[in-house]
Amino acid sequence: MGRAFGYVILGGGVAAGYAALEFVRHLDGGGASPGELCIISDEAVAPYERPALSKGYLLPRGAARLPGFHTCAGANDELLTEQWYKDHGIELVLGTRVVSADVRRKTLLTITGETISYKTLIVATGARALKLDEFGVHGSGAANMCYLRSLEDADKMVGVMRSCHGGNAVVIGGGYIGMECAAALVANEIKVTMVFPGKHCMDRFFTPKIAEFYENYYAAKGVTFIKGARVTSFEALSDGKVAAAILRDGRRLPADMVVVGIGARANTALFDGQLAMEKGGIRVNGRMQTSDAAVYAVGDVAAFPVALLGGDVRRFEHVDCARRTARRAVAAILEPADGAAEVGKNDSDYLPFFYSRVFALSWQFYGDNVGEPVHFGDFSPPGAGGRPKFGACWVSDGLVAGVFLEGGSQEENEAVASAVRCGARIGDLAAELESRGLALPGQE
Ligand code: FAD
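Residues numbered from 1 in each chain as written. Predicted model: local features only at pLDDT ≥ 70, side-chain atom pairs only at ≥ 80, totals over all residues. Heavy atoms only, no water.

(A) Examining the sheet that holds strand 20 (residues 302-306) more closely. The mixed open sheet is built from four strands, whose spatial order is 17-18-20-21. Each edge of the sheet is formed by a strand with only one pairing partner; in this case those strands are strand 17 (277-278) and strand 21 (312-315). Here strand 20 runs beside strand 21; their pairing, made up of four bridges, is antiparallel. Its bridge partner lying in strand 21, V306 is registered against D312. (Pairing = 2+ DSSP bridges. Helix = DSSP H or I, 4+ residues; strand = E, 2+ residues; numbered from the N terminus.)

(B) Quick look at the environment of V298. Positionally, V298 belongs in the loop between strand 19 (295-297) and strand 20. With near-sequence residues (within four places) excluded, V298 lies in contact with A15, I122, V123, A124, M288, T325, A326 and A329. (Contact = heavy atoms within 4.5 Å.)

(C) Quick look at the packing of aromatic side chains. Evaluation of the coordinates by the stated rule reveals 32 aromatic pairs. Taken together, a centroid distance of 5.7 Å and an interplanar angle of 70° make the contact between F206 and W363 edge-to-face. Highlighted residues: F206 in the loop between strand 10 (191-196) and helix 5 (208-220) and W363 in strand 23 (residues 361-367), separated in sequence by 157 residues. There is no split in this pair, since F206 and W363 are both buried. Against the face of F379 rests K209, its NZ or CZ located 4.6 Å from the ring centre. (Phe/Tyr/Trp six-rings, centres within 6.5 Å; stacked < 30°, edge-to-face > 60°. Buried < 20%, exposed > 50% of the residue type's maximum accessible area, 1.4 Å probe, protein only. Lys NZ or Arg CZ within 6 Å of the ring centre and 35° of its normal.)

(D) Seen up close, the site of the ligand. Around the ligand lies a shell of 35 residues, among which D42, R50, K55, R149 and D300 are the nearest. A distance of 3.5 Å is found between an oxygen atom of the ligand and a side-chain nitrogen or oxygen belonging to S41. Those elements giving two or more residues to the shell around the ligand turn out to be helix 1 (14-26), helix 4 (176-187), helix 6 (319-334) and strand 22 (353-358). Among the elements that take part in the shell around the ligand, helix 4 stands out by supplying three residues, more than any other. Split into classes, the residues belonging to the shell around the ligand amount to 15 nonpolar, eleven polar and nine charged. (Near = heavy atom within 4 Å. Polar contact = N/O pair within 3.5 Å; in protein donor to acceptor, adjacent residues only side chain to side chain. Nonpolar A, V, L, I, M, F, W, Y, C, P; charged D, E, K, R; others polar.)

(E) The pattern of salt bridges, seen in detail. Going through the model one piece at a time under the given rule, you end up with 22 salt bridges. R25 serves as the salt-bridge partner of D77, at 2.8 Å between the closest nitrogen and oxygen. Taken together, the residues span a long stretch of sequence, with D77 in the loop between strand 2 (37-40) and helix 2 (82-87) and R25 in helix 1 at a distance of 52 residues. Between R283 and E278 there is a salt bridge, and its shortest N-O distance comes to 3.1 Å. With a relative accessible area of 29%, R283 lands in the partly exposed category. Residue classification places E278 among the partly exposed positions, given a relative accessible area of 28%. Each of R3, E91 and E114 takes part in one network of salt bridges that share partners. (Salt bridge = Lys/Arg side-chain N within 4 Å of Asp/Glu carboxyl O.)

As structure tokens, this is what we get:
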């Protein structure tokens, strides 16, 4: 049994949704014809804005729910419900895992035994949450242990939180998933202890000074930090739940629930040995084309050359990257002669961008955190109702390589983004910031 399509998007996450919209905008007649375009996803719902899972979805009141955050709501663009795909002739094959791929034959085999063939394939398989079991710590299947990657995970977490009101949660991992989940747990009136091996939260990205601000802010909300520590086992109950997390030094942390956010891995396995790989992902050129001319890769799974970073090949697990690379791939497929379709050309250069929102805080980061960080603004705890505003810029050879800004207005965020994009000299950014009341120490 089998079906054939002109274009197949493998994966039904953020990148798939943005790619679908881009196809519709490019295709004659404003939609696909039968057999032209299909999306295969092992998730049960149409593509949605994944960042909503750790933000609006976990709120105790007024929580985000589908269809409200289907793509492309996050870019204030059309909301692509299942009906939208039907209306535009796009076949959505949901709840269906692809178990093998053959790029030579241009076929995908699904878990139901169906063979789907393509002329052009866009791989948008994203990433998966790393499991503690992969590090020899067992218990991931426990009824009160949560990971957060999919809607299914988020539904489990909402259910577990409801049953733990007033109880204790142990959050394992100090990255953005751990930080955002900890904030959500506090909002749900659950006491949080965060455990991670680093010296401070977000240690691959935050400077110690930035981390200190957030840790103090969280501590004021009742969150306890246990740093430089690892969970090595769990105390299990007979009902399939864990009762406590045990640290390497023997400490026992009672837990009504556990949330694990210890990183992610790109879903590349289907293409191992078939496509060139780099940086833990599928290597593509500036047009998002892999080592096989009929296969493109976008989003978390794609490693591509970034002109702004000197052509360095990078892979980003950022929603903005998923949106932009998806649009680039579709433009490159449908307008092959259009040089502007390349990620890494003139004004379409990709500028790495990541953001997070927790409690009343909101930060954005643009560029690369290489070179020396120079802090600016006021790092003191905000008074009641006050909004902090501070940041850091990373300076390399006198040029601004990256900027982190907490509490920036849209206009300020755009100003720092443009300073990074055009490789401003630090003095110019200092003048720009100063005109907005943010003094950069040590700059004339
Ligand atoms: P995904 O959105 O992960 O989609 C991949 C899709 O492929 C999924 O539907 C998956 O089920 C499917 N799939 C995989 N393998 C198969 C297979 N074999 N067969 C069928 N289907 C398959 N980024 C930010 O910049 N800011 C944020 O604040 C932010 N918050 C986040 C919060 C959470 C909880 C998470 C999990 C991520 C967050 N991110 C954030 C990262 C962002 O969501 C990702 O970068 C983005 O989703 C990547 O899009 P993608 O389409 O490449 O992958």
